[in-house]
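Now for the letters of each chain:
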Protein chains: 2
Amino acid sequence: MTTEHQGEIAAPSLEPLQARATLADVARLAGVSAKTVSRVMSGDDKVAAHTRERVMGAAKRLRFRPNTLARNLRHGGVTNTVAFVIGDITNPFYFNVAAGIERELATRGMTMLLATTDDAPGSEAVVVDTLLAQRVRALIIVPIASDQSYLEGERQLGTPVVCVDRPAHHLVADSVVLQNRLGAAEAVRSLIAAGHRRIGFVCSPAGLYTHQERLMGYRSALLEAGITDYERYERLEPVPGPTAEESVRDLLAMDEPPTAIIAGNNRASTAAYRELYGRAQQVAFIGFDDFELADALGVSVIAYDTIELGREAARMALSRLEDPNGPPRQVEIPTYLIKRGSGEIPPRS
Amino acid sequence: MTTEHQGEIAAPSLEPLQARATLADVARLAGVSAKTVSRVMSGDDKVAAHTRERVMGAAKRLRFRPNTLARNLRHGGVTNTVAFVIGDITNPFYFNVAAGIERELATRGMTMLLATTDDAPGSEAVVVDTLLAQRVRALIIVPIASDQSYLEGERQLGTPVVCVDRPAHHLVADSVVLQNRLGAAEAVRSLIAAGHRRIGFVCSPAGLYTHQERLMGYRSALLEAGITDYERYERLEPVPGPTAEESVRDLLAMDEPPTAIIAGNNRASTAAYRELYGRAQQVAFIGFDDFELADALGVSVIAYDTIELGREAARMALSRLEDPNGPPRQVEIPTYLIKRGSGEIPPRS
DNA sequence: CTGTTAGCGCGTTCAA
DNA sequence: TTGAACGCGCTAACAG
């Protein structure tokens, strides 16, 4: 690919062409002590104007760049990096959360380290371990493993742990979640108000905390209205894949098919839309999670501010740094129903 | 929010409840020297089995976690973190690239630091500076400033710089870009083959390298077919916003409106779709960038593997670490036309 | 205003 | 197989 000189023997090119300048190098060139250079670099100290200029000049000539690693080490080994651990990086939901975190951190001069566990519960602890070894300032995590008790020690050591989207298991930690029950219940109530009595719930993959919560919200709203035979309209597929489409087909093929369908997550939302789109049979539909073009397509959804979810998580992590021993907090990000048409289709008479 | 004891006076809670254990602490508890603990932690040295066990036990008791900062500092101040600098983190395109980078890095035990410039050309150098101070191993960047010459020094110092999506200005660097011209040309040829002669090009915001390249591809394919009066069908809006919709409306209101439209970027794709969707007038349409539901909606697009774009960028950065002085490389990620219907609509007779 | 000493946590060198 | 001394680059504490 590159040259033929690559190999295991000699690798002179591994060395940079030019050594990186250190504080001492700058000091030598400027004819001052290292500490003076340090002062100039930190900015906030009193240094004679002409000394400062000499130092700045020398630094520029040598392309000096302060070594944050060494600085942090000297300061007790803490960085200003916050780690965000997610399962599947290709899920746009996580991406937006990451955007929120990054933005909030940026306002405080901190950066975000993004790591993924590839949705493998077993790798969570390994990934987190690597991050902690890098002395991240705080940890924001979408829990995937069934047990986060391994983090208890870190919390005590002063590293804030904030869980996003779902609470931790066997660990006392701050968390930011959605108003899952309320959101689902609001959607169901809206459908009931439009006259629906047979309402389906589709979710795939299902099994997570969020899905359970939404299912609870769905059920409670139905019970409120005196509807009790909802179980036959629930389709929660544990495995990922095109099963949400199948679930919808399955529901609509029933003797008494539902006249409205609610999706329990973003994947199921688009999957259900795929299946319902272009069907002659008019079925009301409300998705969970807003998505691109949903407005143009007239798809009603339960929406929420994903960016804000991330920002709030970052804020919690940072405030926890200032108050490590306060009681754990759980913030709920509001959900709201956006009516665009698909959720307002009346039941077939 | 938390307690009333917060304030500027006393902040005893700022200190962790328990000091972090160091190599020396473990050594003391295990009754060995620090170096022995170091050996056990590094794994690959010869230590007596019983000594190893004692050390491991002590480390676990003290919740010892090796300090990567110190380790890296000792090793010459290099981390195994690669920084990825983007403009707007909410653009799904960048997100997928980030996913690719993260995945590729993960296979080599490296992590990704994500930073954003908020599309402000002036902040690029500042952000990059912070990252370099953290001694990132390599830099992957979507250039936004009009000049990247400030990075020349770093390159010489051995920090690989890889540009993504567009090449750097005034800097010799590796880059990974899309087959923009070919992709656009293929789309136009396909439309011409279907009988179209009046083909519009919409792009908003426009002005970037990618847009120019795609415009060139569009023009060249038209010229190939002997069509020369394309300029009146070009709508490149420099500012972001809902101008793509306006451009489409504008085009269709012409005396001789185009019978087909091509979008120059992902924002314009969805915008154009919004405008064309539900119109009685049948207009052929091909978007640049695939998007969620495009398949279900029958939207033809010029697609490419965004994840692969990111992976390739990461691979380039890492290979450049091994061969700092090789000639700069530019890799093109292939684009391909996906025919789903919207691009195959024949011209109105 | 500036310099000196010491040490953050770890790994390398060399000796035992 | 194990340990002692030194240094990575930087800054806090104390001089001067």
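Residues numbered from 1 in each chain as written. Chains lettered and ligands numbered in written order. Predicted model: local features only at pLDDT ≥ 70, side-chain atom pairs only at ≥ 80, totals over all residues. Heavy atoms only, no water.

Within chain A one finds 13 helices and 12 strands. Its C-alpha radius of gyration of 27 Å places chain A more than 25% over the 20 Å reference for a compact globule of 349 residues. When the backbone C-alpha atoms are referred to their principal axes, chain A occupies close to 90 × 55 × 40 Å. For chain A, the proportion of its 349 residues judged to be buried stands at 52%. Relative to all contacts within chain A whose residues are 6 or more apart in sequence, the contacts with residues 24 or more apart total 65%. Accessible surface computed for chain A: about 15,300 Å², of which carbon and sulfur atoms make up 51%. (Helix = DSSP H or I, 4+ residues; strand = E, 2+ residues; numbered from the N terminus. Rg over C-alpha atoms; globule rule 2.2 N^0.38 Å. Buried < 20%, exposed > 50% of the residue type's maximum accessible area, 1.4 Å probe, protein only. Contact = heavy atoms within 4.5 Å. Areas by Shrake-Rupley, 256 points an atom, 1.4 Å probe, with all protein chains shown as cover.)

Confidence in the prediction for chain A averages 89 pLDDT; 93% of positions are at 70 or higher. Every residue in residues 1-15 of chain A scores below 50 in pLDDT, and together they form 9 contacts with partners more than four places removed in sequence or on other chains. (pLDDT = per-residue confidence, 0-100.)

The next thing to look at is the nonpolar core. The nonpolar side chains of soluble globular proteins are, as a tendency, buried together. Ranked by internal contacts, the top residues of the largest apolar core, which has 157 residues, are Phe84 and Ile140 of chain A together with Phe84 and Ile140 of chain B. Residues in contact with isoleucine 140 of chain A, not counting those within four places in the same chain, are Val82, Ala83, Phe84, Val85, Ile101, Val162, Val164, Ala313, Ala314 and Ala317 of chain A. Membership of the second largest hydrophobic core comes to 34 residues, among which are Leu151 and Ala168 of chain A together with Ala115 and Leu171 of chain B. (Core = buried A, V, L, I, M, F, W, Y, C linked by side-chain atoms within 4.5 Å.)

This part is about the protein's contact with DNA strand C. Around DNA strand C, a shell composed of 22 residues is seen, among which Thr36 and Arg74 of chain A together with Leu23, Lys35 and Arg71 of chain B lie nearest. A share of 62% is what sugar and phosphate atoms reach among the atoms of DNA strand C within 4 Å of the protein. Take threonine 36 of chain A: an N or O atom from its side chain is 2.5 Å from a phosphate oxygen of DNA strand C. Within the contact set of DNA strand C, a phosphate oxygen lies 3.0 Å away from a side-chain nitrogen or oxygen of histidine 75 of chain B. For the surface near DNA strand C, the elements supplying multiple residues, two or more each, are helix 2 (34-42) and helix 4 (68-74) of chain A together with helix 2 (34-42) and helix 4 (68-74) of chain B. Tallied by class, the residues present in the surface near DNA strand C amount to 8 nonpolar, 7 polar and 7 charged. (Near = heavy atom within 4 Å. Polar contact = N/O pair within 3.5 Å; in protein donor to acceptor, adjacent residues only side chain to side chain. Nonpolar A, V, L, I, M, F, W, Y, C, P; charged D, E, K, R; others polar.)

So, on to the interface of chain B and chain A. On the side of chain A, 68 residues touch chain B, which itself brings 68 residues to the contact. For the interface between chain B and chain A, the tally reads 10 salt bridges. Taking the shortest distance from any N to any O, the salt bridge between arginine 65 of chain B and glutamate 154 of chain A comes out at 2.9 Å. Contributions of two or more residues to the side of chain B that touches chain A are made by helix 4, helix 5 (92-106), strand 2 (111-116), helix 6 (124-133), helix 7 (152-156), helix 11 (266-276), helix 12 (294-297) and helix 13 (306-322) of chain B. Class assignment of the residues belonging to the side of chain B that touches chain A gives a composition of 30 nonpolar, 23 polar and 15 charged. As paired elements, strand 2 (residues 111-116) of chain A and strand 2 of chain B share 3 bridges and run antiparallel to each other. Across the sheet, the residue bridging to leucine 114 of chain A is methionine 112 of chain B, located in strand 2 of chain B. (Salt bridge = Lys/Arg side-chain N within 4 Å of Asp/Glu carboxyl O. Pairing = 2+ DSSP bridges.)

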